[in-house]
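Next come the chains, spelled out residue by residue.
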Amino acid sequence: MITTYILSFFTGYLGVLMGLRLALDKIAVARHVVNGLQRDRARQVAAIRESAKGCRTAKRKAADSDLLVDRLTAEAAKLEEKLKSIRKSDNRLVVLDERRLPEDHRWIVVISGGGGALPEATGEEGNENWSGNLRFLVWATTMERAVKKAATRFPPSRGFKIEVATAPNGTPSGGTPSQPTAA
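Given the structure is predicted, the values throughout are model-derived calculations rather than measurements.

## Topic: the overall build of the protein
Across its full length, the protein carries two helices and four strands. In the protein, the succession of α and β elements from N to C terminus is α-β-β-β-α-β. Every one of the 183 residues in the protein was classed for burial, and the buried ones make up 19%. Intrachain contacts of the protein at a sequence separation of at least 6 include 62% that bridge at least 24 residues. Only carbon and sulfur atoms are counted for the fraction: they give 60% of the accessible area of the protein, which is about 13900 Å².

## Overview of the side chain of Asp104
Structurally, the position occupied by Asp104 is in the loop between strand S1 (93-95) and strand S2 (105-114). Buried charge without a salt bridge: Asp104, with Lys149 as the nearest opposite-charge side chain at an N-O distance of 4.6 Å. A distance of 3.5 Å separates a polar atom in the side chain of Asp104 from the backbone nitrogen of Thr141. Dropping the residues within four chain positions of it, Asp104 is found in contact with Trp139, Ala140 and Thr141.

## As for the pattern of salt bridges
Under the definition given, this model contains three salt bridges. Across the salt bridge formed by Asp40 and Arg43, the nearest N and O atoms sit 2.8 Å from each other. Separated by three residues within a single helix, Asp40 and Arg43 lie in helix H1 (residues 2-88), roughly one turn from each other. Between Lys161 and Glu163 there is a salt bridge whose closest N-O contact spans 2.9 Å. Relative accessible area serves as the criterion here: at 32%, Glu163 is assigned to the partly exposed category.

## Topic: the packing of aromatic side chains
Using the criterion set out here, one finds four aromatic pairs in the structure. Centroid distance Phe9 to Phe10: 5.6 Å. Interplanar angle 65°. Geometry classified as edge-to-face. Judged by centre distance (6.2 Å) and plane angle (15°), the rings of Phe9 and Tyr13 are stacked. Taken together, the residues Phe9 and Tyr13, both in helix H1 and four residues apart, mark about one turn of the helix. Residue classification places Tyr13 among the partly exposed residues on the basis of a relative accessible area of 46%.

## Some thoughts on the nonpolar core
Core analysis: the biggest nonpolar cluster contains 16 residues, and Ile111, Phe136 and Ile162 have the highest contact counts within it. Every element with two or more residues in this core is listed here: S2, strand S3 (131-140), helix H2 (143-153) and strand S4 (161-166). Among residues more than four places away in sequence, those in contact with Phe136 are Leu93, Val94, Leu96, Trp107, Ile108, Val109, Ile111 and Phe154.

## Digging into a nonpolar patch on the surface
A surface patch of nonpolar side chains, amounting to about 1300 Å² of accessible area, comprises Met1, Ile2, Tyr5, Ile6, Phe9, Phe10, Tyr13, Leu14, Val16, Leu17, Met18 and Leu20. Here Leu14 is to be found in helix H1.

## Quick notes on the confidence of the model for the protein
Detail in the predicted coordinates should be disregarded across regions flagged by low pLDDT. Averaged over all residues, the pLDDT of the protein is 81; the fraction at 70 or higher stands at 78%. The secondary-structure element of the protein with the lowest mean pLDDT is S1, recorded at 80, while H1 shows the highest, at 92. Predicted confidence is poor over residues 176-183, with pLDDT under 50, and the contacts of this stretch with residues over four places away or in other chains come to 20 contacts.

## Focus: the environment of Val109
Residue position: Val109 is located in strand S2. Under the relative-accessibility criterion, Val109 is labelled buried at 0%. Spatially, the C-alpha atoms of Val109 and Thr166 are 7.4 Å apart, while their sequence positions differ by 57 residues.

Cut-offs and rules
- Residues numbered from 1 in each chain as written.
- Predicted model: local features only at pLDDT ≥ 70, side-chain atom pairs only at ≥ 80, totals over all residues.
- Heavy atoms only, no water.
- Helix = DSSP H or I, 4+ residues; strand = E, 2+ residues; numbered from the N terminus.
- Buried < 20%, exposed > 50% of the residue type's maximum accessible area, 1.4 Å probe, protein only.
- Contact = heavy atoms within 4.5 Å.
- Areas by Shrake-Rupley, 256 points an atom, 1.4 Å probe, with all protein chains shown as cover.
- Lys, Arg positive; Asp, Glu negative; His and termini not counted.
- Salt bridge = Lys/Arg side-chain N within 4 Å of Asp/Glu carboxyl O.
- Polar contact = N/O pair within 3.5 Å; in protein donor to acceptor, adjacent residues only side chain to side chain.
- Phe/Tyr/Trp six-rings, centres within 6.5 Å; stacked < 30°, edge-to-face > 60°.
- Core = buried A, V, L, I, M, F, W, Y, C linked by side-chain atoms within 4.5 Å.
- Patch = residues over 30% accessible without salt bridge, like charges linked within 9 Å, V, L, I, M, F, W, Y side chains within 5 Å.
- pLDDT = per-residue confidence, 0-100.

This is the structure:
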């Protein structure tokens, strides 16, 4: 009887051990599957983060591009307005006298008239009736001589106003009064 008990005990024990062994095998398989799923999840999370980072970068670039487009559009509009104003203004440069000496410098003189016709108008009094500003190229050694040359043709006594627009080196000048000085 004791043998039967011992045999039953060992048989039961062996059955429990075999059941535990099968359970442990199933647990190992489940752990392996869970570890694989965790690795897959980690890879997917990393891929999602990389995609999100790329998306944020693309969004910033799109916003920067929109700002650049807006800025360039505004700048283009300003330049178009400037171009329209330049087209409206008279950009002609009339050569007053082509005779020059080697020591003469280039002066841009602005002459304003008080009437309605341009200086090209024919007739004895036509030159005195023009209004607006015309730019003349005058060759002279000094600013005073340039003003005197311009005043010879367009005298201030007849209503013309003479100002020097640029100095010989191309920089803007402060201008001169309409009365030329003796040079």
